[in-house]
Amino acid sequence: MRLDYAALISPYPFPIKNVGNIKSPALKEIWNPKVTYSKYNIYLAFLSMDVKTYCERIDSSKAEWYQSLSDNDKLNINMFDIITVSESARDTFLETLNFFFEENVIWDNESKLFITFVDYDENGQVIPIGTIYRDIFEELRDIILQRCGINRSDTNIDMSKVKNKRALKILNKIKKAKEKLSNNTQGTDEIDLPNLISSIAAHSNSLNFTNIWDLTIYQLYEQFKKEQTKVYFDIQKISVAAYGNEKNTFKGDEWYKN
């Protein structure tokens, strides 16, 4: 599911029927001492992670098992399959889901799924709001990442529904190429979240270190994009004021172009 722009910039949780409400966390929630920016990055890493990466980099004891799978099996399994057999992975995802959901999330070992709830009944049993199970897990991970300003490279590709062997082979090659590209791409300190926060607080006309923490993570990234647009627009304004607009290239509406 691709969320529209209105849903992405909203400060309110995004509701999913029979599942729960996914929030775009505010900066102050990420920097909360009970969470921390470092742990938030771990949450994002697990939400973005595929089975191959988990088995090779996180739990090496499963690397041999993963390599023994056929190409089709490798394409069809997802992280929920790992959750059902790995207590460590399950605990990490449970903590992650509890951070991003408005509701409480628990694991039901009997049904092999997550349950979202708010209250308990008179017997101390949870009153379910929704469930998180295998068939919706990949889409759910993608929605959470979208609300954090991240798009997964495999969005909207459900390998389990691809029956043509040639198509599977091509998609597998594309996936491997994307993995290689991802491994060779390094981030820069300039776009790290802490630096963006301090830069926007210094550059913005209204945001500062007192109020910037109320922004959601997605709103912060959008603010950064708009600040960049404003810089270029101001340069164009000065140029037009000084040298004119003979070729009519400056329309004056560039500042709000999406």
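See above for the structure.
Along each chain, numbering runs from 1 in the same order as the chain's sequence is written. The predicted origin of the model limits local features to residues at a pLDDT of at least 70 and limits the giving and counting of side-chain atom pairs to 80 or more, whereas totals for whole chains, interfaces and linings rest on all residues. Side-chain measures were taken over the full set of non-hydrogen atoms in the model, leaving aside hydrogen atoms and water.

(A) Summary view of the pattern of salt bridges. Salt-bridge detection follows one rule: a side-chain nitrogen of Lys or Arg within 4 Å of a carboxyl oxygen of Asp or Glu. Using the criterion set out here, one finds eight salt bridges in the structure. Asp-214 serves as the salt-bridge partner of Lys-28, at 2.9 Å between the closest nitrogen and oxygen. With Lys-28 in helix α2 (residues 27-30) and Asp-214 in the loop between α11 (193-203) and α12 (217-243), this residue pair connects regions lying 186 residues apart in the sequence. Linking Lys-39 and Glu-95 is a salt bridge whose minimum nitrogen-to-oxygen distance equals 3.3 Å. Pair noted here: Lys-39 is in helix α3 (residues 37-48) and Glu-95 is in helix α8 (residues 87-100), with a separation of 56 residues, a long-range link. Its relative accessible area of 37% is what places Glu-95 among the partly exposed residues. In DSSP terms, a helix is any run of H or I states spanning at least four residues, a strand is any run of E spanning at least two, and both are numbered starting from the N terminus. Partly exposed describes any residue whose relative accessible area lies between the buried limit of under 20% and the exposed limit of over 50%, with all areas from a 1.4 Å probe on protein chains only and scaled to the type maximum.

(B) Layout of the environment of Tyr-43. With respect to the helices, strands and loops of the structure, Tyr-43 is situated in helix α3. Relative accessible area serves as the criterion here: at 4%, Tyr-43 is assigned to the buried category. The spacing of Tyr-43 and Leu-145 is 102 residues in sequence and 9.9 Å in space, taken between C-alpha atoms. With residues up to four places along the chain from it excluded, the contact list for Tyr-43 reads Val-35, Glu-95, Thr-96, Phe-99 and Phe-100. Whether two residues are in contact is decided by their heavy atoms, any of which lying within 4.5 Å being enough.

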